[in-house]
Amino acid sequence: MNRMELFALEVNEAVFYHKTVHVMHMPTSWRNFFNTQTTPQNYKLSYKVEPLGKKLKSIFPEIVYADLSYKILQKDLPWIVSTMKIPEAHIKKLTLGWFAHLKGCSVPELPEEIRNAEPVWVTSNFGDLHEFIDKYQWLPGLAAHKFCQEKRTIELGQGIVEELQFHHTIFNNQHECVSAPIRKSPRHDPFSYVMKVELKNRGGDAERPLIAVSVGTRRYLKEAQIKDGFCYLKADHACSVLVSVHNPYTLQEKHSFSQLKFERRAGGGSNKDSFTVWKTALDDLYWDVLYEESFEPDMLLTSPAAYLDGNGEVTAYVVNHHSFNGKGNFVKSGLGLAEKSGLFNKFKEILAAYHLTPLYHIPEILRKRMNDIRFPIVAHQAEQIVIEVYSSEAMFNAVREVYTSEQKSLEKKPVIFNRQISENVFGLNCDKDVIVEFVRCSPEEIVSELEIGTYKADVAHTKRVNQINKLLKEPGYQCVKRTLALVEIEPKERWMRDGDPKNAIREGMKKTGRLTQFIHPLTEGNEDNKADIARMINALLDLLNDAGFLSHNITKIDTYGSIFSFNILKADNKYLPVISKMDGTEVTLKIFGVDAWLPLGKAPFYLQQAKMLDKPSKWNQSKQIFLDFMSRTIENELGQDARQLTVMINATLRNGWLPTIRNTDLYYDKIPYLSERLANESRLKFIRINTRDDVPQYRIIENDAEDEYNKASGIFKDPLGIYYGVGGRPMAWSGVRNEDIKYVSPSKMLLQQKAVEYIPLGILDETERDDLANLVDQLRRIGLNYDKHTIYPYTMRVMNMLSKYLTGKEKDYDPEFDEEVELMEEAEEFV
């Protein structure tokens, strides 16, 4: 039986109470500076005070705790806790500079009592402080600090053992252990191994703190990104840089790195302007304090390699996170399985001296297997549909050929349009009689760059939407049948700033009742057209998936009633509650503000009727409105249907919308309280689905082979009642061996499936719990556009389709830390 090892360690904070640390309280005059600066309503501070604490941590990684909040200001609680005494002059100069920035004056113009205040370090220990400081900061900070004290010998796999120096950094307000950059060859950009160290707890077991270690890579620039009068940093993008400045007044044996951020200057690049600016005043102040003169971020992009070796006063690693159009970055995402295990094992070994103990391995449960077969496609009903292809004639002929030919890359080599009825009318390879009219349409008036030079961005967007709306309502474009659109479009990098018409096309098509899918043009001069074929297939399957068609896997699922999923979609600063329902092969959505259940493929056309909510707070009723919407819908379903109702809840709803599913409030033997009517409903089954970063990374041990590495899948059950589901490896990864490691093969993309946490809730026996976990696992396989598991089960995943029509944006992941990523279809960039 396979077992799962979670990359997490149990920690007893009392073990660290005797450790000596240095504490600083904010001087009284500084606290008064904030306390007297309130809004006219006199109930909250005029300034956001949190940025100073976060930036101090980022600049001085020796700090394991820094906080600046209303509570700190009122009660004179510890402000900074550090493993080293950072020179008080540095703290003072940064703080006064920030005060002056907030007041819009110079430092000499600040009141005398503020300028004359002197911050003081006091030596203490964690035992005296732990009641007053946040353990979610100091515990992972201390663990990272201990690991980085000395060089560490790491077993990386393939017999390679390396001694590496790690630096304790704070990146995006989280403690990390970052290795010195590794450069495998002159053509490769440098990269670091990164271990993100966080204090976490698990649902229903919140009293047991865990140190979770997420292992990944971070890649840096080597090639110039400013040259010949041009900057390759994309517009509206910011970039991080890890910086160490040699300071003769600070005695330190090794570099201490700070995270700073810069961004592309709006309209930058003229003779008098630089291309980039520091993102915040505190980033700029850093140089005044530690470098004692200004430093333009353009210097980093003009010659990033000059700052990599640490031979000068400034050492800097500019993070390459796909925001650059210039050359560089032959190092691809991901990390080898052996490297992940080797890094975690060394962390586990070092921290064992501080009584951090690994968790017991989790056994696998029996899983109901599915064959991952998509064809014949499953439809809810027989129908006739039109697929309009807005493309060049060459693209239309190419997709027509692909869709009417046997496809070896798909399971059992199916033909997607498996029978021809007339010249451009085909039968879909489907379990129902679905007829497809396949029509080429001219793209000229639709797929062209927005008129940014003539109009402002929002006006140009609206103008294109209206043009499309008018054009598609003319004779020849109107159609009474359900109509879908496949649109050939250049990649976003080909358009000028704000000129990409993609969102306007989707919005214009939506107004005329068309779902839309995009596909990039054919690859020029490429005799091997496998990539083109893959894009064509995925584009069509994505389109049919959005329209409500299902994989043949749906026929393998045993269900005993409807399945509900709840989520909140965000658009700008507003929020939309949405419910999905699957009953057999029928998938419908209920949108807050629209009374009826809507077929999946029609739901986007009703978004203009939706009612949006504000973010929940004590000043509004958003949380209660959502709870009423949720409980009323469930009660109506139970009143109309005598069968079981399974409710799958996205764990993200714990953030303000449904607090009863927070880790600290979860009880395995109780369903979340929604209403008195539902509290004891035996037909109601709940399961919380969590994909957030409190789900640990892992490795799977097959047949007790501790030293072998794999990308196995399965469902693993913790004795507490938590399940971890790992999906199958997609075909796109078939060329990568389990033995591959980044240290040897930096140009290979090395990804691992993400573990998804399932927690069944309610009075259930073990068989019922296992069945619910199996149901989630199966629902991760029924999307038409995936050959293996998705991260979310289908009933939750379909809401992403609605979200892209609500916001015009595709879901993406943050590539600044290349840890495990979602299993995405190859053509996601064309969605």
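Structure shown above.
Residues numbered from 1 in each chain as written. Predicted model: local features only at pLDDT ≥ 70, side-chain atom pairs only at ≥ 80, totals over all residues. Heavy atoms only, no water.

Undergrad: Mind showing me how you'd approach the overall build of the protein chain here?
TA: Helix and strand content of the protein chain: 17 helices and 36 strands. For 831 residues, the compact-globule estimate of 2.2 N^0.38 gives 28 Å, and the protein chain sits close to it at 28 Å. Each principal axis of the C-alpha atoms in the protein chain carries an extent, and together these give about 85 × 70 × 65 Å. The 831 residues of the protein chain split such that 58% are buried. Across the protein chain, every contact between residues at least 6 apart in sequence was considered, and the portion connecting residues at least 24 apart equals 72%. About 35,600 Å² of surface is accessible on the protein chain, with carbon and sulfur atoms providing 47% of the total. Taken together, the 106 basic and 115 acidic charged side chains of the protein chain have centroids lying 2 Å from each other. (Helix = DSSP H or I, 4+ residues; strand = E, 2+ residues; numbered from the N terminus. Rg over C-alpha atoms; globule rule 2.2 N^0.38 Å. Buried < 20%, exposed > 50% of the residue type's maximum accessible area, 1.4 Å probe, protein only. Contact = heavy atoms within 4.5 Å. Areas by Shrake-Rupley, 256 points an atom, 1.4 Å probe, with all protein chains shown as cover. Lys, Arg positive; Asp, Glu negative; His and termini not counted. Charge placed at Lys NZ, Arg CZ, Asp CG, Glu CD.)

Undergrad: Hey, could you run me through the sheet that holds strand β11 (residues 191–202) in this one?
TA: Strand order in this open sheet of six strands is β9-β10-β11-β12-β2-β19, and the pairing throughout is antiparallel. The open sheet has two free edges, formed respectively by β9 (166–171) and β19 (357–358), since each of these has just one partner strand. As paired elements, strand β10 (residues 174–179) and β11 share four bridges and run antiparallel to each other. Within the sheet, the bridge partner assigned to V178 lies in β11 and is V194. Contacting β9, β10, β11 and β12 (205–219), helix α7 (residues 135–147) crosses the sheet at an angle of about 145 degrees to β11. (Pairing = 2+ DSSP bridges. Axes fitted to C-alpha atoms, helices over the stretch in contact; angles between N-to-C directions.)

Undergrad: Any chance you could explain the pattern of salt bridges here in plain terms?
TA: In a structure, side chains of opposite charge can pair up when their charged atoms sit close to one another. Following the criterion strictly, the structure yields 45 salt bridges and no others. Here D704 makes a salt bridge to R3, at a shortest N to O gap of 3.0 Å. Taken together, the residues span a long stretch of sequence, with D704 in the loop between β33 (698–701) and β34 (714–717) and R3 in strand β1 (residues 3–6) at a distance of 701 residues. Taking the shortest distance from any N to any O, the salt bridge between R419 and D433 comes out at 2.7 Å. Taken together, the positions of R419 in strand β22 (residues 417–422) and D433 in the loop between β23 (425–428) and β24 (434–441) put the pair 14 residues apart, joining distant regions of the chain. Since its relative accessible area comes to 47%, D433 is described here as partly exposed. Shared partners join several salt bridges into a network, and the residues in it are R3, E5, K348, R699, D704 and E706. (Salt bridge = Lys/Arg side-chain N within 4 Å of Asp/Glu carboxyl O.)

Undergrad: What is the right way to look at the nonpolar core in this model?
TA: Looking at soluble globular proteins, one finds that nonpolar side chains tend to be buried together. In this structure, I387, Y403, F417, L428, F549, I634 and F686 are the most contacted members of the largest nonpolar core, which totals 123 residues. In contact with F549, other than residues within four places in its own chain, are I377, V378, A379, E383, I385, L428, V434, R482, L544, L784 and Y794. In this structure, L221, C239, V245 and V318 belong to the second largest nonpolar core, which totals 53 residues. (Core = buried A, V, L, I, M, F, W, Y, C linked by side-chain atoms within 4.5 Å.)

Undergrad: Hey, could you run me through empty space enclosed by the protein in this one?
TA: Gaps between atoms show up when a probe of the same size as a water molecule is rolled over them. Overall, the coordinates contain four cavities of 30 Å³ or more when judged by the stated rule. In this structure, the largest cavity spans a volume of roughly 70 Å³. Residue lining of the largest cavity: F7, L337, K340, S341, Y698, R699, I700, E708, Y709, N710 and Q752, and that is the complete set. Of all the elements in the fold, those that place two or more residues in the lining of the largest cavity are α10 (337–351) and β33. (1 Å grid on protein atoms, 1.4 Å probe; cavity = no way out; pocket = protein on both sides within 12 Å on 5 of 7 lines; lining within 4 Å. Points joined across faces, edges and corners; volume = space filled by probe spheres on them.)

Undergrad: For this particular structure, what's the right way to read the pairing of β22?
TA: For a regular strand, side chains alternate in direction, first toward one face of the sheet and then toward the other. Two elements, β22 and β23, share four bridges in a ladder whose sense is antiparallel. When the bridges of β23 are listed, F417 appears paired with L428. Two successive antiparallel strands, β22 and β23, enclose a turn made up of two residues.

Undergrad: Would you take a moment to explain a negative patch on the surface for this structure?
TA: On the surface, a cluster of negative charge is contributed by E155, E702, D707, E708 and E739. Considering the arrangement of structural elements, one finds E155 in strand β7 (residues 152–157). (Patch = residues over 30% accessible without salt bridge, like charges linked within 9 Å, V, L, I, M, F, W, Y side chains within 5 Å.)

Undergrad: Just to check I follow, could you spell out α10 for this structure?
TA: Working note: α-helix, 3.6 residues per turn, so residues spaced by three or four point in the same direction. Under the 1.5 Å per step criterion, the end-to-end length of α10 is 21 Å for 15 residues, consistent within 8% with the ideal 21 Å. Counting buried residues in α10 gives 13 out of 15 residues, a clear majority hidden from the surface. (Expected span 1.5 Å × (residues − 1).)

Undergrad: It is not clear to me how the environment of R643 should be interpreted in this structure. Could you clarify?
TA: Structurally, R643 can be placed in the loop between α15 (622–640) and β31 (644–650). Take R643: its relative accessible area is 34%, and that puts it in the partly exposed class. Those residues in contact with R643 that sit more than four places away from it in its chain are Y560, G561, S562, D583 and R683. Within the local environment of R643, its side chain forms a polar contact with the side chain of D583, the two groups lying 3.1 Å apart. (Polar contact = N/O pair within 3.5 Å; in protein donor to acceptor, adjacent residues only side chain to side chain.)

Undergrad: Before we go on, may I ask you to explain unusual backbone geometry in this structure?
TA: Excluding glycine, residues mostly have negative phi values, and the peptide bonds linking residues are mostly trans. Between F375 and P376 the backbone carries a cis peptide bond, its omega angle lying at 0 degrees. In this fold, P376 is placed in the loop between β20 (362–363) and β21 (383–390). The backbone phi angle of K412 is positive, close to 60 degrees, even though this residue is not glycine. Mapped onto the elements, K412 comes out in the loop between α11 (393–403) and β22.

Undergrad: Is there a simple way to think about the layout of surface pockets in this case?
TA: Space inside the second largest pocket adds up to approximately 460 Å³. Contributing to the lining of the second largest pocket are 16 residues, with P51, K54, K55, T280 and D283 lying nearest its centre. When residues of the lining of the second largest pocket are traced back to their parent elements, those giving at least two are α2 (50–59), α4 (88–103), β16 (258–264) and α8 (281–291). When residues in the lining of the second largest pocket are grouped by element, the largest group, four residues, is from α2. A class-by-class count of the residues in the lining of the second largest pocket yields five nonpolar, six polar and five charged. (Nonpolar A, V, L, I, M, F, W, Y, C, P; charged D, E, K, R; others polar.)

Undergrad: Explanation requested: the sheet that holds β21 in the structure shown.
TA: Within a sheet, adjacent strands bond to each other through the backbone by hydrogen bonds, running parallel or antiparallel. Reading across from one edge, β22-β23-β24-β21-β25-β26 is the order of the six strands in this open sheet, with mixed pairing throughout. On the outer flanks of this sheet lie β22 and β26 (514–519), each paired with one strand and no other. Shown here is a sheet whose adjacent strand axes are inclined to one another by a mean of 30 degrees, direction ignored. Across the face of the sheet, helix α13 (residues 502–511) comes into contact with β21, β25 (482–488) and β26 while running at roughly 155 degrees to β26.

Undergrad: Can you walk me through the packing of helix α12 (residues 457–471) against α13 in this structure?
TA: A packed helix pair is summarised by two numbers, namely the angle formed by the two axes and the spacing between the axes. At their nearest, the axes of α12 and α13 sit 8 Å apart, and the two run at 40 degrees to each other. As summarised for this structure, α12 and α13 are arranged oblique, according to the angle between their axes. For the pair α12 and α13, the crossing hand works out as right-handed. Only N503, A504, I505, E507, G508, M509 and K511 of α13 make contact with α12, whose side of the interface consists of H461, R464, V465, I468 and N469. The class makeup of the residues in the contact of α12 with α13 is five nonpolar, four polar and three charged. (Parallel < 35°, antiparallel > 145°, perpendicular 65-115°, else oblique. Left-handed = near helix turned anticlockwise from the far one by under 90°.)

Undergrad: Looking at this structure, I do not really get the pairing of β12. What am I missing?
TA: Of all 15 residues in β12, 13 are buried; the element is thus mostly enclosed. The pairing of strand β2 (residues 8–10) with β12 spans three bridges and is classified as antiparallel. Of the residues in β12, the one forming a bridge with L9 is I211. Across 11 bridges, the pairing between β11 and β12 is antiparallel.

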